[in-house]
Amino acid sequence: NPLAGGRPDGEAVRMPLTCPSCGKASESSAERCGACGASLAVAVHKLAESATRPWASSAPAPASEDLLDPGTDLGGYRIEGLLGQGGMGVVYRAVQGSLGRAVALKVLARRLAGDEAFVRRFDREASALASLTHPNIVAIYDKGTSKDGRYFFAMELVDGVSLRRLLMEKPLSPAEALSAMPDLCSALEYAHGRGVLHRDIKPENLLVSRDGRIKIADFGLARLAGQDSSSWGLTHTGTVIGTRDYMAPEA
């Protein structure tokens, strides 16, 4: 089934880009458009440079108490700038001091740090990512707690933009949208086979790198096989957590 496992030969299917010069679709595995020779990296590169929030989100702006200034050291990671935010925390571009490696650093919101349910959910996201190794799933490197009590974990930094950001600039053609399905289905099938259900697949949580590779991010609502069902999607107040327009009925 090509929609479940990618190409028969195992080669990753890259998301095509529309050439910024001639407007024709080209495979992003190529560096230049086959029709006019223009650089295909420009399409995503321009979005990444112009976007103030590359991981565009519908969540409200971070609270002032959650914002960390560039240059701040958090558990050995130097903050460089804001990438985006979600329901549980803020994501920064940072550099790991010990290795000089650029990472995406997710930090749990201050208002949630004292809520045991949210701390468990944050820890569960890190555990879900740590159990998965797939080219179309964002990798996790490290997790910890800073001296001032901030919970964080460090992830692979995807050099690109969210699918939501791409859609804000230009709707995908049916062919472009379908071309992303083999890799997405392969990644989800892989995760499901290891007992991890994402449960929040939406454009904000799909990242597209400059070379056209698509990756799944944000496992904050993931369900892990074997866990008590009472912790899957409810807070201690009994409020369902999720994104209404993208929730599966069985979630």
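Residues numbered from 1 in each chain as written. Predicted model: local features only at pLDDT ≥ 70, side-chain atom pairs only at ≥ 80, totals over all residues. Heavy atoms only, no water.

### Observations concerning the pairing of strand β11 (residues 206-209)
Here is step 1: Across the two faces of β11 the burial is the same, with Leu-206 and Val-208 and Leu-207 and Ser-209 all buried.
Here is step 2: Of the strand pairs in this sheet, strand β9 (residues 160-162) and β11 are connected by 3 bridges, and their pairing is antiparallel. Residue pairing across strands places Gly-160 opposite Ser-209, the latter belonging to β11.
Here is step 3: Note that β11 and strand β12 (residues 214-216) share 3 bridges and pair antiparallel. Among the inter-strand pairings, Leu-206 is bridged to a residue of β12, identified as Ile-216.
Here is step 4: Counting the residues between successive antiparallel strands, the hairpin from β11 to β12 contains 4 residues, one of them, Gly-212, with a positive phi of roughly 90°. (Buried < 20%, exposed > 50% of the residue type's maximum accessible area, 1.4 Å probe, protein only. Helix = DSSP H or I, 4+ residues; strand = E, 2+ residues; numbered from the N terminus. Pairing = 2+ DSSP bridges.)

### A few points about the sheet that holds strand β4 (residues 77-85)
Here is step 1: Read from one edge of the open sheet, 6 strands run β3-β4-β5-β6-β8-β7, paired in antiparallel fashion. Pairing within the sheet leaves two strands with one partner each, and these edge strands are β3 (73-74) and β7 (140-145).
Here is step 2: In terms of strand pairing, β4 meets strand β5 (residues 89-96) through 7 bridges, oriented antiparallel. Paired with Leu-82 across the bridge in β5 is Tyr-92.

### Quick look at the environment of Leu-166
Here is step 1: Position of Leu-166 among the secondary structure elements: in helix α4 (residues 163-169).
Here is step 2: Leu-166 gets classed as buried once you look at its relative accessible area, which sits at 11%.
Here is step 3: Residues Leu-166 and Pro-203 lie 37 residues apart in sequence; the distance between their C-alpha atoms is 9.1 Å.

### A short note on the confidence of the model for the protein
Here is step 1: Taken over all residues, the pLDDT of the protein has a mean of 76, while the share at 70 or more is 69%.
Here is step 2: Predicted confidence in the protein is weakest over helix α1 (residues 2-5), with a mean pLDDT of 30, and strongest over β3, with 96.
Here is step 3: Throughout residues 1-14 the model reports pLDDT below 50, and contacts reaching past four residues in sequence, or to other chains, amount to 23 contacts. (pLDDT = per-residue confidence, 0-100. Contact = heavy atoms within 4.5 Å.)

### Points about the sheet that holds β9
Here is step 1: One open sheet accounts for 3 strands, arranged β9-β11-β12; its pairing is antiparallel. The sheet is open, and its two edges are formed by β9 and β12, each paired on a single side. Within the sheet, the average angular offset between the axes of one strand and its neighbour, ignoring direction, is 25°.
Here is step 2: Packed on one face of the sheet, helix α6 (residues 181-193) meets β11 and β12 and runs near 30° to β12. (Axes fitted to C-alpha atoms, helices over the stretch in contact; angles between N-to-C directions.)

### Description of α6
Here is step 1: If you check α6, its first and last C-alpha atoms are 18 Å apart, about what 13 residues at 1.5 Å a residue would give, namely 18 Å.
Here is step 2: Taken as a whole, α6 has its buried residues at Pro-182, Asp-183, Leu-184, Ser-186, Ala-187, Tyr-190 and Ala-191.
Here is step 3: Of the residues flanking the end of α6, it is Gly-195, one or two places downstream, whose phi is positive at about 80°. (Expected span 1.5 Å × (residues − 1).)

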